[in-house]
Amino acid sequence: MYSVLIQNQKTIQLFQEYYPLFLQLFSNNQVGCCRWIESGRTIDTALPGLEELVGDKKEWRAIIIRVVERDENDMKKLSFNPRNPYDFYCNASKDASKVQESKVPLVRLTQILGEVPSPEVTFHSNVIQERNKSPRRIYVPESVDQREQDAYRDLVRMYEYDGRKPSEIILYTFYSVRKGNDRKSTKNAWHPDGEVDGFEFARRNRYSSNCRFVKYEYIKEGTNRKEADLFNFWNSVMLLASEDIDPSSFQAYRLYNARVEFNMEDLSDTLQRKLDELIGCTNYVEESMRRDVELKMGEKHPKPEYETTVSAEVRIPKDTSVTVDTEVFHICPTAASSEGRKWESLRSIAEDTLESIFRKQDRVLDESANRMRAVSKIPEEMVTPMDKYEKLDMEAELDDTFDEILKTQNTISDSRNITGEKLSSLSDDVKDYIKGRVPRPLAWGVLAVVVLMVILSVLPAFIIPQKLDDRNLGGMMAAFAFCALTLGLVELIVLISQKKTLLDKIEKYNYAMEDNLAVLSQDMMFYSKFVSNIVNFSRGRSILDTLKHKKFELETEYDLLQVHNEQIGIFRGKVEKWAKAFYVPISFERNLGKEFAVDVDVKPRDNRLYTFDYNKEYSIPFNYTGERVKSPFSFIGRFIIEREEIFNDAGRDD
């Protein structure tokens, strides 16, 4: 039957040290491991990975494993009977028998996986006295409280699970006990209330009916003793997970002790053979790594070509102009309205030209975005292997590229920021000034009026009835000419000044238009660099990401040898630790200089190098009844699950 080992995070970390004992079971898909979140209140929150493990299984068992230190005592507040790690003191009161969500995560988990015990039915006795007969007593069931029934239905509804539930639930706890508990247990056996009904703990704590209870006690007597007990415990877990135990030897509502008896001679031989093999594998791996390094010293890896250019520049013809021609504006316009129409026409042509360039910019930006998406990733088949130094150099280059992206981003402005209100203001300024200019008819008329006024001012001198000499007449004519010339010159200066002011305003407008075009060209150049850097960064990162996931990068011979060299050292440390725990003498010099080949294509988690025997089967005794079970290791001499007689002393102090 498929077994799921359910453990909290702390127990899983400890389980990893003893994973070599389970390697064959995992390889044969006989066992799965599921993390238990003790705060979870439903099967999805308590066991989030369960469905993935058992979704396709016709039948399976749950093995809930706990490793509890005495000072922890199941989150400290949930203390239990020292002789029974499944009998919690908080459930010893009468109120604990009521239907309610359990405060104990372990009890709650068994109800989630199995069933919620229904409300207990109580009975009261009646004495029936019949005529000519002896009195007799009958027991009548009392009706269950409606609130209890409602609470039961609510709890069942909360624990509903659409998948297939386990056929059986095995609870197995490894915990420390204090010395002297046997004496105290014997004393409790003679207590007036200490009847041999210890199975009542399952009912009192409201466990699911398909639970089986196993414990492994150890006494704190140093590191070696604990390591030996842990090795024994995890071997017994392995046998529980791989064997179907006869129900007659493993009953519900009872508490059992489990342990393994080792054949010390076989254990010593197995540990020594494994140590010899690991030393030989270390020699092989280190020599292979040395040869691989020497081979790579002469190799040159070409640098990946990931840099490219994404152009986003707008091509502007040389004869393109976005300014208004100032030569068409004369010193004196024919009429103010005609000059205003001329300005509007020329301004419209210039702004339409600029707008067409902006439209080209939009199209170029769209095209560059499409090109950027098309070339932003290097195809996986074009990625070639790189050593760690080449990858470090490439990461440094990409960091510089990323910094340049940030700098360039801050230099790009909005090229159209001047085409709105500012250009409109400059254009309105020109139009308003044109309206105030002196038109040509008005200028001639003003000049004629001034000349006429000068003539009229000197006319009386000609009509005075006295004779003027030629000298006086000449002076008057000179004065007349001077006045007329002065007035004409003043008018000309005014007209020239107006034209200059108009041209200055038009030049401001033209400068704004040209500046906007220059900014656009500069921004497009920056944008091309910006987009190219983004593409190059993305292409470079895609190479590094591909190298992380592509098979050849992870499985280059040197990298795999390095991984196995590390794992061999870890497993060798475990073998030495277990040998020390059982006081097994082992030699480190039997295989010096010899080599054992390592299959580096098989990952350490699946490699039979990291276990003891593989694909072997040994028949060993189960208990002392003549039954036998199968073991994958020769050093296991017997598997024992024996019932422990406990007493109903849940409420008493230990």
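Residues take numbers from 1 onward in each chain, read along the sequence in its written order. This being a predicted model, a pLDDT of at least 70 is required before a residue's local features are given, and a value of 80 or more before pairs of side-chain atoms are given or counted; all residues contribute to the totals for chains, interfaces and linings. Side-chain metrics in this entry use all non-hydrogen atoms of the structure; hydrogen atoms and water are not considered.

Caption draft 1: Main features of the overall build of the protein. Only DSSP runs of H or I with at least four residues qualify as helices, and only runs of E with at least two residues qualify as strands; both kinds are numbered from the N terminus onward. When helices and strands are tallied, the protein shows 17 helices and 13 strands. Whether a residue is buried, partly exposed or exposed follows from its accessible area with a 1.4 Å probe, protein chains only, as a fraction of its type maximum: under 20%, in between, or over 50%, in that order. The buried share of the protein, taken over its 654 residues, is 41%. Here a residue-residue contact requires only that any non-hydrogen atoms of the pair lie within 4.5 Å. Excluding contacts between residues fewer than 6 apart, the proportion of contacts in the protein whose partners are at least 24 apart in sequence is 81%. With an accessible surface of roughly 36600 Å², the protein has 52% of that area assigned to carbon and sulfur atoms. Areas reported here follow the Shrake-Rupley algorithm with a probe of radius 1.4 Å; residue values treat only the protein chains shown as occluding.

Caption draft 2: Looking closely at unusual backbone geometry. At R206, a residue that is not glycine, the phi angle is positive and equals roughly 60°. Along the chain, R206 turns up in the loop between α8 (200–204) and β9 (211–218). Accessibility expressed as a relative area gives 5% for R206, which makes it buried. Backbone geometry places Y253, a non-glycine residue, at a positive phi of 65°. The residue Y253 is located in the loop between α9 (223–242) and β10 (255–262) in this model.

Caption draft 3: Quick look at the packing of aromatic side chains. Only Phe, Tyr and Trp rings are paired, with Trp represented by its six-membered ring, and only when their centres lie within 6.5 Å; those with planes under 30 degrees apart are stacked, over 60 edge-to-face, the remainder tilted. Applying the stated rule across the entire model yields 32 aromatic pairs. The interplanar angle of 90° and the centroid separation of 6.3 Å between the aromatic rings of F15 and Y19 together place this pair among those described as edge-to-face. For F15, a relative accessible area of 1% puts it in the buried group. With centroids separated by 5.2 Å and ring planes inclined at 10°, the aromatic side chains of F633 and F635 adopt a geometry described as stacked. Assessed through its relative accessible area of 2%, F633 is described here as buried.

Caption draft 4: Fine view of a negative patch on the surface. Here a patch means residues that are over 30% exposed by relative accessible area and free of salt bridges, tied together within 9 Å if like-charged and within 5 Å if nonpolar (Val, Leu, Ile, Met, Phe, Trp, Tyr). Throughout this description, the term salt bridge denotes a Lys or Arg side-chain nitrogen within 4 Å of a carboxyl oxygen of Asp or Glu. The charged-residue count follows a simple rule in which Lys and Arg add positive charge and Asp and Glu add negative charge, with His and chain termini not counted at all. Positions of charges follow a simple convention, taking NZ of Lys, CZ of Arg, CG of Asp or CD of Glu. A cluster of acidic side chains, namely D44, E51, E160 and D162, defines a negative patch on the protein surface. Looking at the element boundaries, E160 is found in the loop between α6 (146–158) and β8 (168–176).

Caption draft 5: View of the packing of α9 against helix α17 (residues 557–581). Two numbers describe how α9 lies on α17: the axes approach to 8 Å, and their chain directions differ by 110°. In this view, α9 runs roughly perpendicular relative to α17, as classed from their interaxial angle. On the side of α9, the interface is formed by N224, E227, A228 and F231, while α17 contributes K577, W578, K580 and A581. A class-by-class count of the residues in the contact of α9 with α17 yields four nonpolar, one polar and three charged. The axes are straight lines fitted to the C-alpha atoms, using for helices just the contacting stretch, and the angles between their N-to-C directions are given from 0 to 180°. Working definition: roughly parallel below 35 degrees, roughly antiparallel above 145 degrees, roughly perpendicular at 65 to 115 degrees, and oblique for all remaining angles. The nonpolar class holds Ala, Val, Leu, Ile, Met, Phe, Trp, Tyr, Cys and Pro. Asp, Glu, Lys and Arg form the charged class, and all remaining residues, Gly among them, are polar.

Caption draft 6: Spotlight on the environment of D613. You can see D613 is positioned in the loop between α17 and β11 (618–622). The residues contacting D613, other than those within four sequence positions of it, are Q24, R273, Y618, P632, F633 and S634.

Caption draft 7: Structural context of the side chain of R638. Mapped onto the fold, R638 is located in strand β13 (residues 636–643). What R638 contacts, discounting residues up to four positions off in sequence, is R259, V260, E261, I620, P621, N623 and Y624.

Caption draft 8: Structural view of the pattern of salt bridges. In the structure shown here, the tally under the stated rule is 23 salt bridges. Here E101 and R41 are joined by a salt bridge, their closest N and O atoms 2.8 Å apart. Of the two residues, E101 is situated in the loop between β5 (84–88) and α5 (105–113) and R41 in the loop between β2 (31–35) and α3 (43–46); the sequence distance between them amounts to 60 residues. Between D56 and K57 there is a salt bridge whose closest N-O contact spans 2.9 Å. Connected through shared salt-bridge partners, R83, K215, E217 and E644 make up one network.

Caption draft 9: Structural context of the pairing of strand β3 (residues 60–68). Of all nine residues that make up β3, nine are buried, and the element is covered over most of its length. Side chains of β3 alternate between two faces, with W60, A62, I64, R66 and V68 and R61, I63, I65 and V67 buried alike. Two elements, β3 and β8, share eight bridges in a ladder whose sense is parallel. The partner of R66 across the bridge, within β8, is T173. Strands qualify as paired when DSSP identifies two bridges or more between them.

Caption draft 10: Focus on α9. With 20 residues, α9 should reach 28 Å at 1.5 Å per residue; the first-to-last C-alpha distance of 29 Å fits that figure. Among the 20 residues in α9, 15 count as buried, and that is most of the element. For a helix, the expected span equals 1.5 Å multiplied by the number of residues minus one.

Caption draft 11: The arrangement of the confidence of the model for the protein in detail. Taken residue by residue, the protein gives an average pLDDT of 77. The fraction at 70 or more is 67%. Confidence per residue, as judged by the predictor, is encoded in pLDDT with a range of 0 to 100. Scored below 50 in pLDDT, residues 72–76 makes 13 contacts in the model with residues more than four places away or belonging to other chains.

Caption draft 12: Examining the nonpolar core more closely. Nonpolar cores are built from buried Ala, Val, Leu, Ile, Met, Phe, Trp, Tyr and Cys residues. Side-chain atoms within 4.5 Å join them into one set. W234 and F639 are the most contacted members of the largest nonpolar core, which has 68 residues in total. Here F639 is in contact with S236, L239, L240, I245, R259, V260, I620, P621, F622, N623 and V629, once residues within four sequence places are set aside. Ranked by size, the runner-up nonpolar core spans 39 residues in total, among them Y2, I6, A46 and I646.

Caption draft 13: A look at the side chain of N257. Counting through the fold element by element, N257 comes out in strand β10. Under this definition, polar contacts are N or O atom pairs within 3.5 Å; protein pairs additionally need one hydrogen-donor-capable and one acceptor-capable atom, and for neighbouring residues in sequence, both atoms have to be side-chain atoms. Of note is the side chain of N257, whose polar atom sits 2.5 Å from the side chain of E644. Setting aside chain neighbours within four positions, we find N257 in contact with V214, K215, I640, I641, E642 and E644.

Caption draft 14: Structural detail: the environment of V575. Mapped onto the elements of the fold, V575 is located in helix α17. On the accessibility criterion, V575 (0% relative accessible area) is buried. A sequence separation of 300 residues divides V575 from L275, and the C-alpha atoms of the two residues are 6.9 Å apart. If sequence neighbours within four positions are ignored, V575 has contacts with L271, K274, L275, L278 and F612.

Caption draft 15: A look at the environment of N29. The topology assignment puts N29 in the loop between α2 (23–27) and β2. Residues N29 and S3, spaced 26 residues apart in sequence, show a C-alpha to C-alpha distance of 9.3 Å. When sequence neighbours within four positions are dropped, the list of residues in contact with N29 reads Y2 and K57.

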